[in-house]
Amino acid sequence: MVGLKEELLKSIWHAFTALDLDRSGKVSKSQLKASGGRRVLSHNLCTVLNVPHDPVALEEHFRDDDEGPVSNQGYMPYLNKFILEKVQGNFDKVEFNRMCWTLCAKKNLSKSPLLISDEDAFKVWVIFNFLSEDKYPLIIVPEEIEYLLKKITEAMGAGWQQEQFDHYKIALNTSREGLSAWELIDLIGSGQFSKGMDRQTVSMAINEVFNELILDVLKQGYMLKKGHKRKNWMERWFVLKPNIISYYVSEDLKDKKGDIILDGNCCVEALPDKDGKKCLFLIKCLDKTFEISASDKKKKQEWIQAIQSTVNLLRAGSPPPHKEARQKRKELRQKLLAEQEELERQMKELQAANENKQKELETVRKQLEAAAARAAEEEKKRLQTQVELQDRFSLELEREKMVRQKMEEQVAQKSSELEQYLQRVRELEELYKQLQEALEDEKQARQDEETVRKLQARLLEEETAKRAELEKWHLQQQQTIQMTEAEKQELENQRMMKEQALQVAMQQLKQLELERKEALEQYEEVKKKLETAANNTKSWKDKVAHHEGLIRLIEPGSKNAHLITNWGPAAFTEAELEERQRSWKGKKATSE
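To keep things clear, this report deals only with the structure shown in the data block. Note that the structure is predicted; figures quoted are calculated from it, not measured.

Turning our eyes to something else, we now look at the overall build of the protein. In terms of helices and strands, the protein carries 16 helices and nine strands. Relative to its full complement of 592 residues, the protein shows a buried share of 33%. In the protein, once contacts between residues fewer than 6 apart in sequence are set aside, the share between residues at least 24 apart is 67%. A total accessible area of about 38300 Å² is found for the protein, and carbon and sulfur atoms account for 52% of it.

A separate point is the pattern of salt bridges. Tallied over the full model, the rule gives 34 salt bridges. For the salt bridge of Glu144 with Arg329, the shortest nitrogen-to-oxygen distance reads 2.9 Å. Pair noted here: Glu144 is in helix H8 (residues 142-156) and Arg329 is in helix H13 (residues 321-481), with a separation of 185 residues, a long-range link. Given the relative accessible area of 18%, Arg329 is considered buried. Salt bridges here are not isolated pairs; linked through shared partners, they connect Glu133, Glu144, Arg329 and Arg333.

This part is about the packing of helix H6 (residues 93-108) against helix H7 (residues 118-131). It is at 10 Å that the axes of H6 and H7 come closest, and there the two elements cross at 105 degrees. The pairing of H6 with H7 is recorded here as roughly perpendicular in orientation. Between H6 and H7, the contacting residues are Val94, Asn97, Arg98, Cys100, Trp101 and Cys104 on the first element and Asp118, Glu119, Ala121, Phe122, Trp125, Val126 and Asn129 on the second. Split into classes, the residues belonging to the contact of H6 with H7 amount to eight nonpolar, two polar and three charged.

Looking now at the sheet that holds strand S5 (residues 267-271). An order of S4-S3-S2-S1-S7-S6-S5 is seen for the seven strands of this open sheet, with the pairing classed as antiparallel. The open sheet has two edge strands with one neighbour each: strand S4 (256-261) and S5. In this sheet, adjacent strand axes meet at a mean angle of 35 degrees when their direction is disregarded. With five bridges connecting them, strand S3 (residues 244-248) and S4 associate as antiparallel partners. In the strand pairing of S4, Ser246 is matched with Asp259.

As paired elements, strand S1 (residues 219-226) and strand S2 (residues 233-241) share eight bridges and run antiparallel to each other. Within the sheet, the bridge partner assigned to Gln220 lies in S2 and is Val239. Following S1, the chain reverses through six residues before pairing antiparallel with S2; Lys231 in that reversal takes a positive phi of roughly 60 degrees. Two elements, S1 and strand S7 (residues 289-293), share two bridges in a ladder whose sense is antiparallel. Bridging across to S7, Lys225 finds its partner in Ile292.

A few words now on the pairing of S3. Two faces make up the sheet, and in a regular strand the side chains alternate between them. With five of five residues buried, S3 lies mostly within the body of the structure. Burial along S3 is two-sided: Ile244, Ser246 and Tyr248 facing one way and Ile245 and Tyr247 facing the other are all buried. In terms of strand pairing, S2 meets S3 through five bridges, oriented antiparallel. Bridge pairing in S3 links Val239 to Ser246. Taken together, S2 and the strand that follows it, S3, pair antiparallel across an intervening segment of two residues.

With that settled, consider the packing of aromatic side chains. If you walk through the whole model with that rule in mind, you get 14 aromatic pairs. Residues Tyr168 and Phe193 carry aromatic rings whose centres are separated by 5.9 Å and whose planes lie at 85 degrees to one another, so their mutual orientation is edge-to-face. With Tyr168 in helix H9 (residues 162-173) and Phe193 in the loop between helix H10 (181-189) and helix H11 (199-213), this pair connects stretches of sequence that are 25 residues apart. Like Tyr168, the residue Phe193 is buried in the burial classification. One aromatic cluster in this structure is built from Trp101, Phe122, Trp125, Trp182 and Phe210.

What counts as what
Residues numbered from 1 in each chain as written. Predicted model: local features only at pLDDT ≥ 70, side-chain atom pairs only at ≥ 80, totals over all residues. Heavy atoms only, no water. Helix = DSSP H or I, 4+ residues; strand = E, 2+ residues; numbered from the N terminus. Buried < 20%, exposed > 50% of the residue type's maximum accessible area, 1.4 Å probe, protein only. Contact = heavy atoms within 4.5 Å. Areas by Shrake-Rupley, 256 points an atom, 1.4 Å probe, with all protein chains shown as cover. Salt bridge = Lys/Arg side-chain N within 4 Å of Asp/Glu carboxyl O. Axes fitted to C-alpha atoms, helices over the stretch in contact; angles between N-to-C directions. Parallel < 35°, antiparallel > 145°, perpendicular 65-115°, else oblique. Nonpolar A, V, L, I, M, F, W, Y, C, P; charged D, E, K, R; others polar. Pairing = 2+ DSSP bridges. Phe/Tyr/Trp six-rings, centres within 6.5 Å; stacked < 30°, edge-to-face > 60°.

The following block contains the structure:
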């Protein structure tokens, strides 16, 4: 009820201040007492607000004293106590505002021609009361002016000129905080922000904004409604408000046919097409359900969303969106104002602190000037002492200069000797590097020789093992020849298998021969390297001669029994051949 009281006070304030004022700023007694104006105003307010009129209380309240009607014993306390406190909200807001408008419009409305009608000016005046600040005299701040002009521009279907309004806002802020109701009417009626629009378009836009902000019309339009008794479909003009949906015969709102009371228990559902009707939806309330058909799917969805949003607001106990938005804008302005006041307070504190600092700096400056005077006197004394010390130190400086020259000569001699010593050290280091490289070459040659020697020894061991294996196979072949004729066929099969194995062994032997040749070639290369290394150290000739006994040709094997092949006795024994096979399989597994 506090918000309702504030809204009523704004309209009454316009009507009250429109009365003649005397020089002291008070309503003249001839206007309210002699002419009975107070009775008429009170009676009209009680009538439109549906409040019982008490003329006795009015007479008791106004006594014959020197206090005016707007003083503590004046008209406004009476208004609050005997009228506004009794308002319940069951009155016609438009009728109440029109009564207040009638009292104040004739005196305050501009005489210059406007692009809007008196009815549109009345609606702008009511919107002003809704958007104005809660302080007197009433004004509307630039932020709310921008909000209202944007709403009207959107309703006209035009584009918002932000740059134009910014220029206007700058000019407005330099002169005042906001506009009065009559200045706002002049601004909108001048067409400054509705250029290119006709009077009818502007009027329709003002009416649309008025319906939304003042009459709380969230949505309106024609739809078909199914009757509860006759079940026929009739076209009705529906008006959605925060807690009710009213439907009329036409959009002039003269013939009202009924209401759909909305609360948190209501719900809205889409229905499938039936009975030749499309775009159907259902509104469920506690006692009734209403079937409604929209003109198209888009309108159907818009109405379902609008009604559902309204029900959700009722469930949450939230005000209509435009009122909630207005409250948020006010809170934001109050917050910004508080922040600005806090900033101004801090600036004042900083300014006071700065002044204190300036005083402290002035005191420090005076102290520094006194200290500088004392320092100048001390400096004069110091200079006299310095002259005496300079004469005394001149002789010592001469002696020190002679000593320094002698020491510089000694340092130069020592530096020359040190340079010669460092040159000899560099020569010795170079010689040491050359000797170290020669030793590294000799060491590498020895390692290569040892590698070749080990390779030759391994090849000789493999040849020896192969020969033993071939001899073993040769003995087995000789024994096989002496076997009986009955085992001949079986031995023949074994012999074929062994011949195949022997062929494999022969191939391996050839491979060994190739490896031995490669080893000999490597040995020749190593030998050349050894000869090159011998030029820096000593000759390797004796060592090569010493090891020549290790290099020898493959000689015939032992006289033991050998394997017999189709071409005669085998070159390897059976043991040598098996050993060679194992070695060959091992190499093959390693390579894989």
